[in-house]
Amino acid sequence: MGFFDFLIEEIAIDLGTANTLIIHNDKVVVDSPSIVARDRTSGKITAVGKEAAMMQGKTHENIKTIRPLKDGVIADFDASEKMLTMFIKEIPALKKKLFTPALRMVICIPSGITEVEMRAVKESAERVNGKEVYLIHEPMAAAIGIGVDIMQPKGNMIVDIGGGTTEIAVIALGGIVCDKSVKIAGDVFTNDIVYYMRTQHNLYVGERTAEKIKIQIGAATEDLEVPPDEMSVQGRDLLTGKPKQVNISYREIAKALDKSILRIEDAVMETLSQTPPELAADIYNTGIYLAGGGSMLRGLDKRLSQKTDLPVYIAEDPLRAVVRGTGICLKTLNRYKGILIK
Ligand SMILES: Nc1ncnc2c1ncn2[C@@H]1O[C@H](COP(=O)(O)OP(=O)(O)OP(=O)(O)O)[C@@H](O)[C@H]1O
Ligand SMILES: [Mg+2]
C-alpha cells in the first residue's frame, strides 16, 4: 500500500457478454446489459446499458445497437471501452469527484481466453484510468462468490453458464486443475428459440422476445415439478407478413433447447473424465455448483444431476456470483494475489 493510496478508488468488474457488473465499496453499483447504441452519422455512443437494451431490435438506420462482447471476449474494442467508461462514470461515489480518480481494479476473464485477448482486456482497463489492474479467471471468481474455500486441498467443480460461454472448471489449492469452455450458453438458447418459432410456428420473433420466452417458460427438461403456464407470443407471420400470436408451452422450449443442453452436458462429462481421481472423490461428496444466468433455466440442475449422478447446487444469486467473488478478491488482495494475473 503506497502513500497516495487514498487517491485510488477500488472497483471489481465482471465484464460479461450479456451483463456488466461493478462493485465499489462492497456494493454492486452497476448491473447493466452489455449493450451500447451508436449514432451512425456522428459515430457517437448515444446510450449504454438498460437504455440501449430497450432500443434493441427497434432501431432505424441511423442508430445501431452493439454488443461489444462476444463469446466472453471483447469483439468491439472501441464500443467496449466507451461502455466501461460510461459505466464507471455512473458510479455514484465517483460521480461527485472533480477528477476521474485512478483505479485499482480486478476484472474477470473467461478461462479459455488467449494471451492476446487477455492483454486487450488489460489495455482497455488501463485506458479507462486503471493504474493497477488484476485479472482473475471467471470460474475462480464464481467459486469464491459462491463461498467455496478455493485454497483447500479439495476439489470443487464449478459450471458458469453465462450469455456467451459455459465455463466448467475443477478447482483445488487455489488453481484450476482442469477446465473446459464451450460457446454454448444463454445467447445460443435464445437463438434456438428464435429458430424453433420460425420453423415450427412460421413466426418470426426478435431476440428480445425470444429471451422473454426463455425466462418466462424456458426449461431444460419436459419433466418439471412445477411447470409454468403457457405463454402467448407475438411476432410476424412468415407466410402472410401479418403480426400474429401463438401460445407456447414449456415442453416446446425444452425440445428447442435440447441439443444445446446436450452439448453442455457432454462438456461437463468430459471435464469429469479428465479430473484426477483424488479430486473426483471430493466432487463425489461436494457435488457441482452452478453459476451464471443460464443456470436459472428450469430443470437444468435436475438434468445435470441425473446425467452425472451428482448433487447439483445453484448459487444463491447466480447472476452476481462472479462479481461477488471478484469483489472479495479486490478486498482481500493479499490473500488472493497468488491467483490473480497482474
Ligand atoms: N431466469 C432465467 N432463465 C434462463 N436464462 C436466464 C434467466 N435469467 C437470465 N438468463 C440468461 O442468462 C444470461 C446472462 O447471464 P450472465 O449475466 O451470467 O452472463 P454474462 O456473465 O454476461 O456472460 P459470459 O459470462 O458468457 O460473458 C443471458 O443469456 C440471459 O438470457
Ligand atoms: Mg459471466
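Residues numbered from 1 in each chain as written. Chains lettered and ligands numbered in written order. Predicted model: local features only at pLDDT ≥ 70, side-chain atom pairs only at ≥ 80, totals over all residues. Heavy atoms only, no water.

### Focus on the overall build of the protein
Right, on to step 1. Tallying secondary structure elements over the protein gives twelve helices and 18 strands in all.
Right, on to step 2. Relative to the 2.2 N^0.38 estimate, which gives 20 Å for 342 residues, the radius of gyration of the protein is 21 Å and therefore close to what a compact globule would have.
Right, on to step 3. With the C-alpha coordinates aligned to their principal axes, the bounding extent of the protein is approximately 70 × 60 × 30 Å.
Right, on to step 4. Here the protein holds 342 residues, and the buried ones make up 52% of them.
Right, on to step 5. For the protein, contacts bridging at least 24 residues in sequence account for 64% of all contacts bridging at least 6.
Right, on to step 6. When the accessible area of the protein is evaluated, it comes to approximately 16,500 Å², of which 51% is carbon and sulfur surface. (Helix = DSSP H or I, 4+ residues; strand = E, 2+ residues; numbered from the N terminus. Rg over C-alpha atoms; globule rule 2.2 N^0.38 Å. Buried < 20%, exposed > 50% of the residue type's maximum accessible area, 1.4 Å probe, protein only. Contact = heavy atoms within 4.5 Å. Areas by Shrake-Rupley, 256 points an atom, 1.4 Å probe, with all protein chains shown as cover.)

### Focus: the domain arrangement of the protein
Right, on to step 1. One can read the domain layout of the protein as domain 1 (3-33 + 70-141 + 322-339), domain 2 (148-184 + 260-318) and domain 3 (186-256).
Right, on to step 2. Computed over C-alpha atoms, the centres of domain 2 and domain 3 are 27 Å apart.
Right, on to step 3. Summing the contributions of domain 2 and of domain 3, the shared interface buries around 1,200 Å²; its carbon and sulfur component is 56%.
Right, on to step 4. Ranking the residues of domain 2 by area buried against domain 3 places Leu 297, Arg 298 and Lys 302 at the top, with a combined share of 47%.
Right, on to step 5. Remark: the boundary between domain 2 and domain 3 carries two salt bridges. (Domains from an automatic or database assignment. Buried area = accessible area lost by both parts, 1.4 Å probe. Salt bridge = Lys/Arg side-chain N within 4 Å of Asp/Glu carboxyl O.)

### Side note on the sheet that holds strand β10 (residues 130-137)
Right, on to step 1. Read from one edge of the open sheet, five strands run β3-β2-β1-β9-β10, paired in mixed fashion. Single-partner strands in this sheet number two, and they are β3 (27-33) and β10. Going across the sheet, the axis of each strand differs from the next one's by a mean of 20°, ignoring polarity.
Right, on to step 2. Strand direction decides the pairing type here: strand β1 (residues 8-15) and strand β9 (residues 102-109), joined by six bridges, are parallel. Looking at the pairing, Glu 9 lines up with Leu 103 of β9.
Right, on to step 3. Packed onto the sheet, helix α4 (residues 115-127) meets β9 and β10 and runs at close to 145° relative to β10.
Right, on to step 4. In the packing of helix α11 (residues 321-331) onto the sheet, contacts are made with β1, β2 (19-24), β3, β9 and β10, and the angle to β1 comes to roughly 150°. (Pairing = 2+ DSSP bridges. Axes fitted to C-alpha atoms, helices over the stretch in contact; angles between N-to-C directions.)

### Things to note about the site of ligand 1
Right, on to step 1. Around ligand 1, a shell composed of 21 residues is seen, among which Thr 17, Ala 18, Asn 19, Glu 211 and Lys 214 lie nearest.
Right, on to step 2. A distance of 2.5 Å separates an oxygen atom of ligand 1 from a polar side-chain atom of Glu 211.
Right, on to step 3. Between ligand 1 and the protein, one listed contact pairs an oxygen atom with a side-chain N or O atom of Lys 214 at 2.7 Å.
Right, on to step 4. Its free accessible area being 660 Å², ligand 1 has 92% of it covered by the protein chains.
Right, on to step 5. Across the shell around ligand 1, the residue classes break down as five nonpolar, twelve polar and four charged. (Near = heavy atom within 4 Å. Polar contact = N/O pair within 3.5 Å; in protein donor to acceptor, adjacent residues only side chain to side chain. Nonpolar A, V, L, I, M, F, W, Y, C, P; charged D, E, K, R; others polar.)

### A closer look at the packing of helix α5 (residues 138-146) against α11
Right, on to step 1. Where α5 contacts α11, the two axes come as close as 6 Å, and the packing angle between them is 85°. Considered as vectors, α5 and α11 are oriented roughly perpendicular to each other. Every residue of α11 that contacts α5 at Glu 138, Ala 141, Ala 142, Ile 144, Gly 145 and Ile 146 is listed here: Ala 321, Val 322, Arg 324, Gly 325, Thr 326, Ile 328 and Cys 329.
Right, on to step 2. Looking at the contact of α5 with α11 residue by residue, the classes come out as eight nonpolar, three polar and two charged. (Parallel < 35°, antiparallel > 145°, perpendicular 65-115°, else oblique.)

### Details of the environment of Gly 162
Right, on to step 1. Here Gly 162 is to be found in the loop between β11 (156-161) and β12 (166-172).
Right, on to step 2. Judged by its relative accessible area of 22%, Gly 162 falls in the partly exposed class.
Right, on to step 3. A sequence separation of 73 residues divides Gly 162 from Lys 89, and the C-alpha atoms of the two residues are 25 Å apart.

### Comments concerning the packing of aromatic side chains
Right, on to step 1. Using the criterion set out here, one finds one aromatic pair in the structure.
Right, on to step 2. Both rings, one in Tyr 289 and one in Tyr 313, keep their centres 5.8 Å apart while their planes meet at 35°; by these two values the pair is tilted. Here Tyr 289, found in strand β17 (residues 288-291), pairs with Tyr 313, found in strand β18 (residues 312-314); they are 24 residues apart in sequence, far enough to count as distant. (Phe/Tyr/Trp six-rings, centres within 6.5 Å; stacked < 30°, edge-to-face > 60°.)

### What about the pattern of salt bridges?
Right, on to step 1. Going through the model one piece at a time under the given rule, you end up with 17 salt bridges.
Right, on to step 2. As a salt-bridge pair, Arg 38 and Asp 78 come within 2.9 Å of each other at their nearest N and O atoms. One end of the pair, Arg 38, is in strand β4 (residues 36-39); the other, Asp 78, is in helix α2 (residues 77-90), with 40 residues separating them in the sequence.
Right, on to step 3. Judged by relative accessible area, which is 38%, Asp 78 ranks as partly exposed.
Right, on to step 4. A salt bridge links Lys 302 to Asp 223, with the shortest nitrogen-to-oxygen separation between them at 3.5 Å. Remark: Asp 223 occurs in the loop between α7 (207-217) and β15 (231-237) and Lys 302 occurs in helix α10 (residues 300-308); sequence separation between them is 79 residues.
Right, on to step 5. You can call Lys 302 partly exposed: its relative accessible area is 27%.
Right, on to step 6. Residues joined in a network through salt bridges with shared partners are Glu 10, Arg 104 and Glu 132.

### With respect to the environment of Leu 98
Right, on to step 1. Among the structural elements, Leu 98 can be located in the loop between α3 (92-95) and β9.
Right, on to step 2. When its relative accessible area of 80% is taken as the criterion, Leu 98 is described as exposed.
Right, on to step 3. In this structure the C-alpha to C-alpha distance between Leu 98 and Ile 168, which are 70 residues apart in sequence, comes to 43 Å.

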